[in-house]
Amino acid sequence: MARKGENIYKRSDGRWEGRYRCGYKENGKQRYKSIYAHSYSECRELLHKAKIEYENSRNNVKVHLTVKELFDKWLKNISVTAKRSTIRTYEAVIKNHIIRAMGDMPVYKVTLEQLNILVEEKMKSGRLDNKGGLSAKTVKNIVTVIKTVFRYAEKLYGMKNPAEFMIIPKTDKKEIEVLTENETEAIKKYCSVNNDYFSLVYELCISTGIRLGELCALQCSDIDFENEILTVRKTVQRVKNVDNDSKNKTKVIIDMPKSKSSLRKIPLPKKLLDNLKRFITVNEKNGDDYIFSMDNKNPIDVRTVQKKFNEVLKKCNIRKVKFHILRHTFATKWADSNFDVKSLSEILGHSSINITLSLYVHPSIEAKRKIMDEMYSA
């Protein structure tokens, strides 16, 4: 007897038979097709695959669309609204990890099993240099792209979505790293002795939490000296170069910030504003000149600033950390001072106050103990 709603039976010869509807006969009666297997689970899986192939072929997906064509079509569709840096990231993921694996496969033949096998392969041996597997975070990003594109195909063609229940690798949440008081004092001391562009870079980032790309994209016109406000409008990013004819693996682009909320105004302390004004005046910058630039007309490369930061860390005998630690240090110091979290979220350019809370607002064990004692005594 078939299990309810599955239409799978065990035959007298010991095999399992699964039946599915596939149109109508000339006399108007329902047409059925059968698949056979040696176990119930195998039969169920083959039946599911057969149903997907049939449904997709009905919508003409079978005739004209490969996986590569589908992903190319999706990229073209989102290119109207997505940031260039986002598009470049998607292009790299699709080219290096999806097209290589199944680019020529007809869309209607893609199954959940094949997609999950792809995930396992990427975890074990997905690196392009053949030195092992990709990180769980990178594979999770690949899965996200696949699921998004197949949802797009589902809406566009009415096809069954094989990616709906894909395996998503679990990622461990990393603890936020911040500079210690001794480390910040060491860098301040270095900046006071070596008064170059990095001194202002450090002061800006540690005092506003501005991102590195946003810092590099700052122009003189972004500073309102009268109202003491810095406006974040753009960001500089180095992205993978998908141009096969280029010798460079990456290229620099100037784009909109990370999200709409990243377009923001940041009030500046008077001393920082004075230092900015002095730097701009001494270096004879004005108007649309980039504040940090080798020629005023082009922004400084993010790699140049990161390299300089690494040099400063080494000279100050500080562990090697990423430049982003300055943003984390600013935000953590603000949160620890019990200042307004909503204001912090807006200054950082977070899309939601929940992001700020989850990243930076973590009461200490002492603070929790105080609350528990007060609750107990109440």
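Preceding this section is the structure that the text describes.
Residues numbered from 1 in each chain as written. Predicted model: local features only at pLDDT ≥ 70, side-chain atom pairs only at ≥ 80, totals over all residues. Heavy atoms only, no water.

Thoughts on the side chain of Ser-199
If you trace the backbone, Ser-199 turns up in helix 8 (residues 197–208). A relative accessible area of 12% places Ser-199 in the buried class. Setting aside residues no more than four positions away along its own chain, Ser-199 makes contact with Cys-191 and Asn-194. (Helix = DSSP H or I, 4+ residues; strand = E, 2+ residues; numbered from the N terminus. Buried < 20%, exposed > 50% of the residue type's maximum accessible area, 1.4 Å probe, protein only. Contact = heavy atoms within 4.5 Å.)

Re the pairing of strand 2 (residues 16–24)
As paired strands, strand 1 (residues 8–10) and strand 2 are joined by three bridges and run antiparallel to one another. Along strand 2, the bridge assignment pairs Lys-10 with Trp-16. Hairpin connection, strand 1 to strand 2: the antiparallel pair is bridged by five residues, and Gly-14 has positive phi, about 95°. Pairing geometry for strand 2 and strand 3 (residues 30–37), over seven bridges, is antiparallel. Bridged to Tyr-24 within strand 3 is Gln-30. (Pairing = 2+ DSSP bridges.)

Points about the packing of helix 8 against helix 12 (residues 325–336)
Where helix 8 contacts helix 12, the two axes come as close as 6 Å, and the packing angle between them is 40°. When the axis of helix 8 is compared with that of helix 12, the two are oblique. Only Leu-326, Thr-329 and Phe-330 of helix 12 make contact with helix 8, whose side of the interface consists of Tyr-202, Cys-205, Ile-206, Ser-207 and Thr-208. Residue composition of the contact of helix 8 with helix 12, by class: five nonpolar, three polar and no charged. (Axes fitted to C-alpha atoms, helices over the stretch in contact; angles between N-to-C directions. Parallel < 35°, antiparallel > 145°, perpendicular 65-115°, else oblique. Nonpolar A, V, L, I, M, F, W, Y, C, P; charged D, E, K, R; others polar.)

Side note on the nonpolar core
Among the nonpolar cores identified, the biggest contains 51 residues, and Ile-187, Phe-198, Leu-230, Ile-291, Phe-292 and Leu-326 are the most heavily contacted of them. For this core, the elements supplying multiple residues, two or more each, are helix 7 (181–193), helix 8, helix 9 (212–216), strand 5 (229–232), helix 10 (270–282), helix 11 (302–315), helix 12 and helix 13 (341–348). When residues in this core are grouped by element, the largest group, seven residues, is from helix 8. Excluding anything up to four places from it in sequence, Leu-326 contacts Leu-179, Tyr-202, Cys-205, Ile-206 and Phe-309. Counting residues in each nonpolar core, the second largest holds 31 residues, with Leu-65, Phe-71, Ile-94 and Ala-153 among its members. (Core = buried A, V, L, I, M, F, W, Y, C linked by side-chain atoms within 4.5 Å.)

Such coordinate-based values are descriptive only and should not be taken to indicate function.
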